[in-house]
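# Breakdown of the fold
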Amino acid sequence: MCGIKSKLLCPEFEEFLSHYDIVCLMETKLADTDTVEINGYTTFYKNREKYKHKSGGIMVLVKNCFVKFVTVFEEVCFKKRIGENVFDNYVFVSYDMCKHALFFKVSSELCKEDILFCATYLEPEGSPYFNRQAYSEIENTIVHLGIQGVCILGDLNSRTGQLNDVLEENNYVDQLFDNNFNYLQPRVSQDMHTNNMGYELINFCKSCEMVILNGRVDADDGVGRFTCKNISVVDYV
């Protein structure tokens, strides 16, 4: 979104946000000393730790009436960076977590089961912050947290073109994986191009038995619209 502060100067933006209970924003370009207040929401941040200029960053907005159902996970070494107003919503862990995602759980009291959300921003290749191992780090964090239901969303800068994100059915695969995705229709995407991180995302999906929802659900069903400048698909659920 190229900076949250400039967007908040537009009343239409806050009005747009008000239609949603939980909002995940990427590239917020904030420092820990910055504060953002949006009426009716509690704000959780994952700001870039080291930078020359403010860049990157993730923000999750939760409507105040639902914040009691949300738990955010962070490494214990970052405890001092968490504001007092949201401190009780955090669980601090002693293992390394992926630095490119903000991990939060929505309780089964609100959903049918506990759901782990990974609000993610992966820098593009060529960026000094680019990390080819990001998907492995996300997978390791998910395994450590041990929550069955998982949803990853955000700006992944991964172009998957027409690649298949589901393991093809055969006897060997059926023995190794509990693959329940054979009922899915093929994924549709207007983006015909791939990049290295696109292949990494496809391998991640197959390894973790997850699927891309772009081009499969709601208004994007059978369409697979471009998500960036009308030329590429880099934002995913």
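See above for the structure.
Below is a summary of the structure that appears in this document.

Rules and cut-offs
Residues numbered from 1 in each chain as written. Predicted model: local features only at pLDDT ≥ 70, side-chain atom pairs only at ≥ 80, totals over all residues. Heavy atoms only, no water. Helix = DSSP H or I, 4+ residues; strand = E, 2+ residues; numbered from the N terminus. Expected span 1.5 Å × (residues − 1). Buried < 20%, exposed > 50% of the residue type's maximum accessible area, 1.4 Å probe, protein only. Arc of directions from axis to C-beta. Contact = heavy atoms within 4.5 Å. Core = buried A, V, L, I, M, F, W, Y, C linked by side-chain atoms within 4.5 Å. Pairing = 2+ DSSP bridges. Axes fitted to C-alpha atoms, helices over the stretch in contact; angles between N-to-C directions. Parallel < 35°, antiparallel > 145°, perpendicular 65-115°, else oblique. Left-handed = near helix turned anticlockwise from the far one by under 90°. Nonpolar A, V, L, I, M, F, W, Y, C, P; charged D, E, K, R; others polar.

### Comments concerning helix α3 (residues 134–145)
- An ideal rise of 1.5 Å per residue puts 16 Å on 12 residues; α3 measures up with 17 Å between its terminal C-alpha atoms.
- Listing the buried residues of α3 in full gives Ala-134, Tyr-135, Ile-138, Thr-141, Ile-142 and Leu-145. The buried residues of α3 all sit within an arc of 120 degrees when viewed along its axis, so they share a single face.
- Next to the buried residues of α3 lie β4 (70–75), β6 (101–106), β7 (115–121), β8 (149–155) and α5 (196–208).
- Phi turns positive one or two residues past the end of α3, at Gly-146, with a value near 65 degrees.

### Considering the environment of Gly-224
- Tracing the chain through its elements places Gly-224 in the loop between α5 and β9 (235–236).
- For the pair Gly-224 and Asp-191, spaced 33 residues apart in sequence, the C-alpha separation works out to 7.9 Å.
- Sequence-distant contacts of Gly-224, defined by excluding residues within four places in its chain, comprise Val-188, Ser-189, Gln-190, Gly-215 and Val-233.

### A closer look at the nonpolar core
- Within the largest apolar cluster, 27 residues are counted, with the highest numbers of intra-cluster contacts made by Phe-103, Leu-116, Tyr-135, Leu-201 and Phe-204.
- Sorting the residues of this core by element identifies β6, β7, α3 and α5 as the ones contributing at least two each.
- With near-sequence residues (within four places) excluded, Leu-201 lies in contact with Tyr-135, Leu-156, Ser-158, Thr-160, Ile-212 and Tyr-236.
- Within the second largest apolar cluster, 16 residues are counted, among which are Phe-44, Ile-58, Val-67 and Val-86.

### Here we look at the sheet that holds strand β1 (residues 22–26)
- Taken in spatial order, the three strands make up an open sheet running β1-β3-β2, and their pairing is antiparallel. Whereas interior strands pair on both sides, the edge strands pair on one side only; in this sheet they are β1 and β2 (41–46). The mean inter-strand angle of the sheet, taken between neighbouring strand axes irrespective of direction, is 15 degrees.
- Of the strand pairs in this sheet, β1 and strand β3 (residues 58–63) are connected by five bridges, and their pairing is antiparallel. Looking at the pairing, Cys-24 lines up with Val-60 of β3.

### Observations regarding the sheet that holds β4
- Read from one edge of the open sheet, six strands run β5-β4-β6-β7-β8-β9, paired in mixed fashion. Lying at the two open borders of the sheet, with one neighbouring strand each, are β5 (90–93) and β9.
- As judged from the six bridges shared by β6 and β7, these two strands associate in the antiparallel manner. Paired with Val-106 across the bridge in β7 is Ile-115.
- Most of the contacts of α3 go to β7, to which it runs at about 160 degrees, and overall it touches β4, β6, β7 and β8.

### Overview of unusual backbone geometry
- One non-glycine residue, Glu-27, lies in positive phi territory at about 55 degrees.
- Considering the arrangement of structural elements, one finds Glu-27 in the loop between β1 and β2.
- What makes Glu-27 buried here is its relative accessible area of 18%.
- In this structure, Asn-230 takes a positive phi of about 60 degrees despite not being glycine.
- Tracing the backbone through its elements, the reader meets Asn-230 in the loop between α5 and β9.
- By relative accessible area, which is 62% here, Asn-230 ends up exposed.

### Regarding the packing of α3 against α5
- Following both chains from N to C, one finds α3 and α5 inclined at 25 degrees, their axes separated by 10 Å at the closest point. By the criterion of interaxial angle, the relationship of α3 to α5 is roughly parallel. As for how α3 packs across α5, the hand of that crossing is right-handed. Residue-level contacts link Tyr-135, Ile-138, Glu-139 and Ile-142 of α3 to Met-197, Glu-200, Leu-201, Phe-204, Ser-207 and Cys-208 of α5.
- The class makeup of the residues in the contact of α3 with α5 is seven nonpolar, one polar and two charged.

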